Amino acid sequence: MKYTKELEDMCIVKKGVDHKSAPIPEEGKWVNAKEIKDISGLTHGIGWCAPQQGACKLTLNVKDGIIQEALVETIGCSGMTHSAAMAGEILPGKTLLEALNTDLVCDAINVAMRELFLQIVYGRTQTAFSEDGLPIGSGMEDLGKGKTSQIGTIYSTTVKGPRYLELTQGYILEQALDKDNQIIGFKYVHTGKMMENIKKGMDPKEAIEKATGTFGRYDEAVKYIDPREE
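Note on numbering: residues in each chain are counted from 1, in written sequence order. pLDDT decides what is reported in this predicted model: residues at 70 or higher carry local features, side-chain atom pairs at 80 or more are listed and counted, and totals for whole chains, interfaces and linings draw on all residues regardless. The basis for every side-chain value is the complete set of heavy atoms in the structure, and neither hydrogens nor water enter the calculation.

Novice: Mind showing me how you'd approach the packing of aromatic side chains here?
Specialist: Side-chain rings of Phe, Tyr and Trp (the six-membered ring for Trp) are treated as a pair once their centres are within 6.5 Å; stacked means planes under 30 degrees apart, edge-to-face means over 60, and tilted covers the remaining angles. Evaluated as defined, the whole model comprises five aromatic pairs. Between Tyr218 and Tyr224, the aromatic rings sit 4.7 Å apart at their centres with planes inclined by 45°, giving tilted as the arrangement. Take Tyr218: its relative accessible area is 8%, and that puts it in the buried class. One aromatic cluster is present, formed by Tyr164, Phe186, Tyr188 and Phe215 through successive ring pairs. The ring of Tyr171 has Arg228 lying over it, and the distance from NZ or CZ to the ring centre is 3.7 Å. For every residue, the accessible area obtained with a 1.4 Å probe (protein chains only) is divided by the maximum for its type, and the residue is called buried under 20%, exposed over 50%, and partly exposed between those limits. Two thresholds decide whether a charge sits over a ring: the Lys NZ or Arg CZ must be within 6 Å of the ring centre and within 35 degrees of the ring normal.

Novice: Just to check I follow, could you spell out the side chain of His190 for this structure?
Specialist: The helix count covers DSSP runs of H or I at least four residues long, the strand count covers runs of E at least two residues long, and both are numbered beginning at the N terminus. Looking at where His190 falls in the secondary structure, it is placed in the loop between strand 9 (183-189) and helix 5 (191-199). Assessed through its relative accessible area of 13%, His190 is described here as buried. Definition of a polar contact: a pair of N or O atoms within 3.5 Å, with one able to donate and the other able to accept a hydrogen when the atoms are protein atoms, and with sequence-neighbouring residues admitted only if both atoms are side-chain atoms. Among the polar contacts listed, one links the side chain of His190 to the backbone nitrogen of Lys193, at a separation of 3.2 Å.

Novice: Is there a simple way to explain the layout of surface pockets in this structure?
Specialist: Gaps between atoms show up when a probe of the same size as a water molecule is rolled over them. When its volume is computed, the largest pocket comes out at roughly 350 Å³. A cavity here means a set of 1 Å grid points, computed over protein atoms only, where a 1.4 Å probe fits but cannot escape. A pocket is an open set with protein on both sides within 12 Å along at least 5 of 7 lines, and lining residues have an atom within 4 Å of a point. Around the largest pocket, the lining comprises 20 residues; the ones closest to its centre are Thr148, Ser149, Gln150, His190 and Thr191. When residues of the lining of the largest pocket are traced back to their parent elements, those giving at least two are strand 5 (66-75), strand 7 (161-167) and helix 5. Ten residue types, Ala, Val, Leu, Ile, Met, Phe, Trp, Tyr, Cys and Pro, are classed as nonpolar, four, Asp, Glu, Lys and Arg, as charged, and the remainder, Gly among them, as polar. Here the residues of the lining of the largest pocket sort into five nonpolar, 10 polar and five charged. The wall of the second largest pocket is formed by Ile46, Ala55, Cys56, Lys57, Glu73, Thr74, Ile75, Asp142, Ser149, Gln150, Ile151 and Gly152. Counting only elements with at least two residues in the lining of the second largest pocket, the list comes to strand 4 (55-63) and strand 5. Grid points are joined across faces, edges and corners, and a volume is the space filled by probe spheres set on the points.

Novice: Looking at this structure, I do not really get the nonpolar core. What am I missing?
Specialist: Within soluble globular proteins, side chains that are nonpolar generally end up buried alongside one another. Take the buried residues of types Ala, Val, Leu, Ile, Met, Phe, Trp, Tyr and Cys, join any two whose side-chain atoms come within 4.5 Å, and each joined set is a nonpolar core. Counting 24 residues, the largest nonpolar core has Leu58, Leu91 and Met113 as the members making the most contacts within it. When residues of this core are traced back to their parent elements, those giving at least two are strand 4, strand 5, helix 2 (78-90), helix 3 (96-100) and helix 4 (107-121). At seven residues, the largest contribution of residues to this core is made by helix 4. Note on definitions: a residue-residue contact is assigned when non-hydrogen atoms from the two residues lie within 4.5 Å. In this structure Met113 touches Leu58, Leu60, Ile67, Leu91, Leu96, Ala99, Leu100 and Leu104, once residues within four positions along its chain are discounted.

Novice: It is not clear to me how the side chain of Thr125 should be interpreted in this structure. Could you clarify?
Specialist: Here Thr125 is to be found in the loop between helix 4 and strand 6 (153-157). The buried category is assigned to Thr125, whose relative accessible area is 9%. Of the polar contacts made by the side chain of Thr125, one reaches the backbone nitrogen of Ala128; its length is 3.1 Å. Every residue in contact with Thr125, bar those within four places of it in the chain, is listed here: Ser40, Gly41, Leu42, Thr43, Gln119 and Ile120.

Novice: I tried to follow the pairing of strand 8 (residues 170-177) on my own but got confused; where do I start?
Specialist: Look at any regular strand and the pattern is simple: side chains alternate between the two faces of the sheet. By definition, two strands form a pair when at least two bridges between them are found by DSSP. The pairing of strand 7 with strand 8 spans two bridges and is antiparallel. Among the inter-strand pairings, Leu167 is bridged to a residue of strand 8, identified as Gly170. With antiparallel pairing between neighbouring strands as the criterion, strand 7 and strand 8 make up a hairpin whose turn holds two residues. Where strand 8 meets strand 9, six bridges bridge the pair, whose relative direction is antiparallel. Within the sheet, the bridge partner assigned to Ala176 lies in strand 9 and is Gly185. Where strand 8 folds back onto strand 9 in an antiparallel hairpin, the turn is made up of five residues, including Asn181, whose phi is positive at roughly 65°. Bridge analysis of strand 8 against strand 11 (residues 223-225) gives three bridges, and the strand direction is antiparallel. Along strand 11, the bridge assignment pairs Ala176 with Tyr224.

In structure tokens:
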């Protein structure tokens, strides 16, 4: 280590108090984090790309500084899904510092990684006060029984009003309208359940019927419309 001549000529003044860093909450414990291996926790974060045409929700489960589990969900840009596929291969097994300084291909995923890093190292994880945190595999529970992301896609104009295209329940088949043309319910097909049934050998038509349901006062409607066509 090199020092300037001006610094070398200065006299030494001893430092008095030397406090430890403030402890942060991690999985039900208070930890004085000094190294990356001192960090654990499960948390979620959102990232966006520079033109803000797409976003990423990233979920990480970190144990002893190493990412053990990653869930990458993207929306808005066609290239992001392929970037997410690569990020899913890249992230597990890396330390937080390695992941922070690795190109995760998509700006939105990189920003999400940055936001998660800040949450985790400041002790702001979802499991900060949960003893032993959550086991590896917990991230999958975010997706529900259908193992699909929770997506909402609504399109609306002043002249024709709102169109429900996809909600948590699934792909919207019909909107139910009352006498005033207001939405009172909808029919949907849960695509995750439908595909599971088809994979098990069920006839596709029957699989669609088994995964189809209604929501709200669907049966009371005076009119039904296809939100993608009408």
